[in-house]
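Inside the fold
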Amino acid sequence: MPTSNAQRQAAYRARHLQADDGEGVRLNLIIGTHAKCALERLAGAHGLTQRAMLERLLVRAEQGTVAALPAPLRTDYYERRLRLPADDVTP
């Protein structure tokens, strides 16, 4: 019996979540055109997929943010109690 579109799509998503040692999570979002174009250009310039580029940018931004925090505030950050100004996003 043939599978439906929904079944094929569900199987595709399940396979790709397992592709990274079973640690993948799905992220659905809509971003602005300028951000999408910037991601495409950055990924292309560095020879990475957009996913790999986004992952690197996020990890590096977090590392910079945590490094700039005084030690007593790091626990608040990791427990999501710390609120930083949006202007201070680490490039």
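I will try to describe carefully the structure that is included in this document. Source: prediction; values computed, not measured. (Residues numbered from 1 in each chain as written. Predicted model: local features only at pLDDT ≥ 70, side-chain atom pairs only at ≥ 80, totals over all residues. Heavy atoms only, no water.)

Let us look at the environment of Thr33. Among the secondary structure elements, Thr33 is positioned in helix 2 (residues 33-46). The exposure class assigned to Thr33 is exposed, which follows from its relative accessible area of 59%. Sequence separation between Thr33 and Pro72 is 39 residues; the distance between their C-alpha atoms is 38 Å. (Helix = DSSP H or I, 4+ residues; strand = E, 2+ residues; numbered from the N terminus. Buried < 20%, exposed > 50% of the residue type's maximum accessible area, 1.4 Å probe, protein only.)

A few words on the environment of Gln50. Within the element layout of this structure, Gln50 appears in helix 3 (residues 50-68). Taking relative accessible area as the criterion, Gln50 reaches 30% and is therefore assigned partly exposed. As for Gln50 and Thr65, which are separated by 15 residues in sequence, their C-alpha atoms are 22 Å apart. Not counting chain neighbours up to four residues away, the residues in contact with Gln50 comprise Lys36, Leu39, Glu40 and Ala43. (Contact = heavy atoms within 4.5 Å.)

With that settled, the discussion passes to the pattern of salt bridges. Going through the model one piece at a time under the given rule, you end up with four salt bridges. With a shortest N-O distance of 3.1 Å, Arg51 and Glu55 are connected by a salt bridge. Highlighted residues: Arg51 and Glu55, both in helix 3, separated by four residues, approximately one helical turn. Overall, Arg51 belongs to the partly exposed group, its relative accessible area being 43%. Residue class for Glu55 comes out partly exposed when judged on its relative accessible area of 42%. In this structure, a network of salt bridges that share partners links the residues Asp76, Glu79 and Arg81. (Salt bridge = Lys/Arg side-chain N within 4 Å of Asp/Glu carboxyl O.)

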